[in-house]
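# Summary of structural features
Listed below are the residues making up each chain.
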Amino acid sequence: MKKSYSIVIIVLLVVLTAVNLYFVFGRNTSCEGNCSHSGESCCYVSKTISLNEKQKEQYSQIKHKYQKRAILVADSLHISQEVLMKEMMSAEQDSLRLREMEAKISYYQAQLLHLSVEQYYNIKTILTPEQIPALDRLFAQILICRPTCNHRDDDGGTIPHLN
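These notes cover the structure that comes with them.

### Re the packing of helix α3 (residues 53–89) against helix α4 (residues 95–124)
- Where α3 meets α4, the axes come as close as 9 Å, and the angle between the chain directions of the two elements is 165°. Looking at the two axes, α3 sits roughly antiparallel to α4. In terms of crossing hand, the pair formed by α3 and α4 is left-handed.
- When its residues are assigned to classes, the contact of α3 with α4 shows 17 nonpolar, seven polar and seven charged.

### Some points on the packing of aromatic side chains
- Evaluated as defined, the whole model comprises three aromatic pairs.
- Taken together, a centroid distance of 5.1 Å and an interplanar angle of 80° make the contact between Y120 and Y121 edge-to-face.
- Ring geometry for Y120 versus F139: centroids 5.2 Å apart, planes at 70°, classification edge-to-face. Taken together, the residues Y120 in helix α4 and F139 in helix α5 (residues 132–145) connect sequence positions 19 residues apart.
- Put simply, the rings of Y120, Y121 and F139 pair up and form one aromatic cluster.

About the cut-offs
Residues numbered from 1 in each chain as written. Predicted model: local features only at pLDDT ≥ 70, side-chain atom pairs only at ≥ 80, totals over all residues. Heavy atoms only, no water. Axes fitted to C-alpha atoms, helices over the stretch in contact; angles between N-to-C directions. Helix = DSSP H or I, 4+ residues; strand = E, 2+ residues; numbered from the N terminus. Parallel < 35°, antiparallel > 145°, perpendicular 65-115°, else oblique. Left-handed = near helix turned anticlockwise from the far one by under 90°. Nonpolar A, V, L, I, M, F, W, Y, C, P; charged D, E, K, R; others polar. Phe/Tyr/Trp six-rings, centres within 6.5 Å; stacked < 30°, edge-to-face > 60°.

See the structure below:
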């Protein structure tokens, strides 16, 4: 009985692994040929702003430059938030330590915002004047409205505020 049970589990694991490999390696996205960097965000940005092939490559380089920096800052932010939470849950809270952690978290949040602003201006330099309104709408959705609210989805919360 134990031998047949083990064989069933092994066969099941092999089948599940094969299915996972099929989905990971055998799946082609509709944008794969259209983006120099095959990924959802590249395709979304490329379609939203209507990037040409040269712009797609330039966008990919800009994205990777900022993505690496943002990941490091986000990791530091996450760690600081964990430390703050542990301090808040501690029986003997140190108000000075809490304020230091709050300041550190604010610093990392400001760094992430600064990276977004820098990235916006870098992307803007590779666009034509006709493409800039689409970039503005895209970043308005990120900076103004999402993910904190879901109203006025059609304009990202910009009309009439930024007109």
